[in-house]
Amino acid sequence: MIVIKLGGSVITQKSEYKSFNGAVVEKIVKTLKGINDEMIIVHGGGSFGHIKAKEYGLPGYASKETIIGMSIVHNDMADLNLKISQILYSNGIYSIALPVSSLVYDNKKNYTVFRRYLQLGITPVSYGDTYIHGNKIGIYSGDNIVYDVARRFHPSAVVFFSDVDGIYDKNPKTNPDARLLKHITGEFQHDEMIPDVTGGIMNKYRKMKNISDLGIPVYLINGLYPERIYNIGKNNFTGTVV
Ligand code: ADP
Ligand code: IPE
């Protein structure tokens, strides 16, 4: 089994509310179709998640404002999920949406149903979502879901697709001299311009490290060049290995 995370930065235009990069998703899905293995797919939110979450004070204590925000963000994420699911379907990947707002609350998590769908050859697709956490309306990130499923199902690899070639020694968007780190073990800089509600690249790295500590190889690849997934383990691989 492999676990794939489609980052919001590559499947959406992060600065424009609900702007979907359909052509990019199509290209990634066509690449995934060529992989002959069980798959769990998780996607992030990008401009379908972060913009309204911030606007409505999510994560935050339950209030009229955050509950309205929850409704907007959850529906927008379901909308994004449907767009992705339709592309999966039209490429012959038959999937089922498993939103964590129905599987995770407080500190309870139940991912058992993922296994049941996989057993029937159906691809589980989950995504960053709103959830209840004590008295708060939280945001459960796609990266958290990836960690949860990796811990439970021990895939042979976890691949994060993002809008950069990998993790650099500093943010490549703002530092033209940034160096791509092919193997990463610890330190790097991450001067995010507008930190998103789930913590950006630093939280992503932490999750990647946690997964790698389980003995599972973890990769960050540029989703604009999904075919790089086929070069994993080769000398000409472009991406970051954790
Ligand atoms: P995604 O939406 O794909 O899950 P994020 O947007 O959270 O991912 O993180 C990717 C972004 O992190 C990149 O677009 C980049 O601008 C930013 N970033 C900041 N510091 C770094 C770094 N050292 N290496 C790579 N990306 C970085
Ligand atoms: C957050 O998921 C989704 C919401 C804000 C609802 P992620 O944190 O995984 O999203 P991206 O990949 O960074 O956009």
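Attention in this report is confined to the structure presented alongside it.

Parameters at a glance
Residues numbered from 1 in each chain as written. Chains lettered and ligands numbered in written order. Predicted model: local features only at pLDDT ≥ 70, side-chain atom pairs only at ≥ 80, totals over all residues. Heavy atoms only, no water. Pairing = 2+ DSSP bridges. Helix = DSSP H or I, 4+ residues; strand = E, 2+ residues; numbered from the N terminus. Contact = heavy atoms within 4.5 Å. Axes fitted to C-alpha atoms, helices over the stretch in contact; angles between N-to-C directions. Buried < 20%, exposed > 50% of the residue type's maximum accessible area, 1.4 Å probe, protein only. Near = heavy atom within 4 Å. Polar contact = N/O pair within 3.5 Å; in protein donor to acceptor, adjacent residues only side chain to side chain. Areas by Shrake-Rupley, 256 points an atom, 1.4 Å probe, with all protein chains shown as cover. Nonpolar A, V, L, I, M, F, W, Y, C, P; charged D, E, K, R; others polar. Expected span 1.5 Å × (residues − 1). Arc of directions from axis to C-beta.

Regarding the sheet that holds strand S1 (residues 2-6)
Stage number 1. Pairing in this open sheet of seven strands is mixed, and the strands run S4-S7-S2-S1-S10-S11-S12 from one edge to the other. Each end of this open sheet is capped by a strand with a single partner; those strands are strand S4 (95-97) and strand S12 (240-241).
Stage number 2. The sheet strands contacting helix H5 (residues 112-119) are strand S2 (39-43), S4 and strand S7 (123-127), and the helix crosses S7 at an angle near 145 degrees.
Stage number 3. In the packing of helix H7 (residues 200-212) onto the sheet, contacts are made with S1, strand S10 (157-162) and strand S11 (218-222), and the angle to S11 comes to roughly 140 degrees.

Topic: the sheet that holds strand S3 (residues 60-61)
Stage number 1. Spatial ordering of the open sheet is given by S3-S9-S8, a layout of three strands whose pairing is antiparallel. A single partner strand is all that each edge strand has here, and the edge strands are S3 and strand S8 (129-133).
Stage number 2. Alignment of S3 against strand S9 (residues 136-140), held across two bridges, turns out to be antiparallel. Across the sheet, the residue bridging to Tyr61 is Lys136, located in S9.

Quick notes on the pairing of S9
As a general feature of sheets, a regular strand has side chains that alternate between the two faces.
Stage number 1. For S9, the tally of buried residues reaches four of five residues, placing the bulk of the element in the interior.
Stage number 2. Bridge count between S8 and S9: five bridges; the pairing is antiparallel. What sits directly across from Ile132, in S9, is Ile137.
Stage number 3. Linkage of S8 to S9, two consecutive antiparallel strands, is achieved through a turn of two residues, within which Gly134 is found at a positive phi near 60 degrees.

Considerations on the site of ligand 2
Stage number 1. Around ligand 2 sit 18 residues, and of these Gly8, Gly45, Gly46, Gly142 and Thr198 come closest.
Stage number 2. At a separation of 3.0 Å, an oxygen atom of ligand 2 approaches a polar backbone atom of Gly45.
Stage number 3. In the complex, the protein chains occlude 96% of the 400 Å² of accessible area that ligand 2 would expose alone.
Stage number 4. Contributions of two or more residues to the shell around ligand 2 are made by helix H4 (64-90) and helix H6 (142-153).
Stage number 5. Here the shell around ligand 2 is built from residues that sort into four nonpolar, eleven polar and three charged.

Examining helix H2 (residues 22-33)
Stage number 1. In this model, H2 (twelve residues) spans 16 Å end to end at C-alpha, consistent with the 16 Å of a helix rising 1.5 Å per residue.
Stage number 2. The complete set of buried residues in H2 reads Val24, Val25, Ile28, Val29, Thr31 and Leu32. Looking straight down H2, one finds its buried side chains confined to an arc of 160 degrees; they lie on one side.
Stage number 3. The inward-facing, buried residues of H2 abut S1, helix H1 (8-11), S2, H4 and S10.

Regarding unusual backbone geometry
Stage number 1. Each neighbour pair has its own omega, and for Leu58 with Pro59 the value is -5 degrees, a cis peptide bond.
Stage number 2. The backbone of Asp106 shows a phi angle near 50 degrees, a positive value even though the residue is not glycine.
Stage number 3. Inspection of the secondary structure assignment puts Asp106 in the loop between strand S5 (104-105) and strand S6 (108-109).
Stage number 4. In this structure Asp106 comes out as partly exposed when scored by relative accessible area, which is 28%.
Stage number 5. In this structure, His154 takes a positive phi of about 45 degrees despite not being glycine.
Stage number 6. Along the chain, the position of His154 falls in the loop between H6 and S10.

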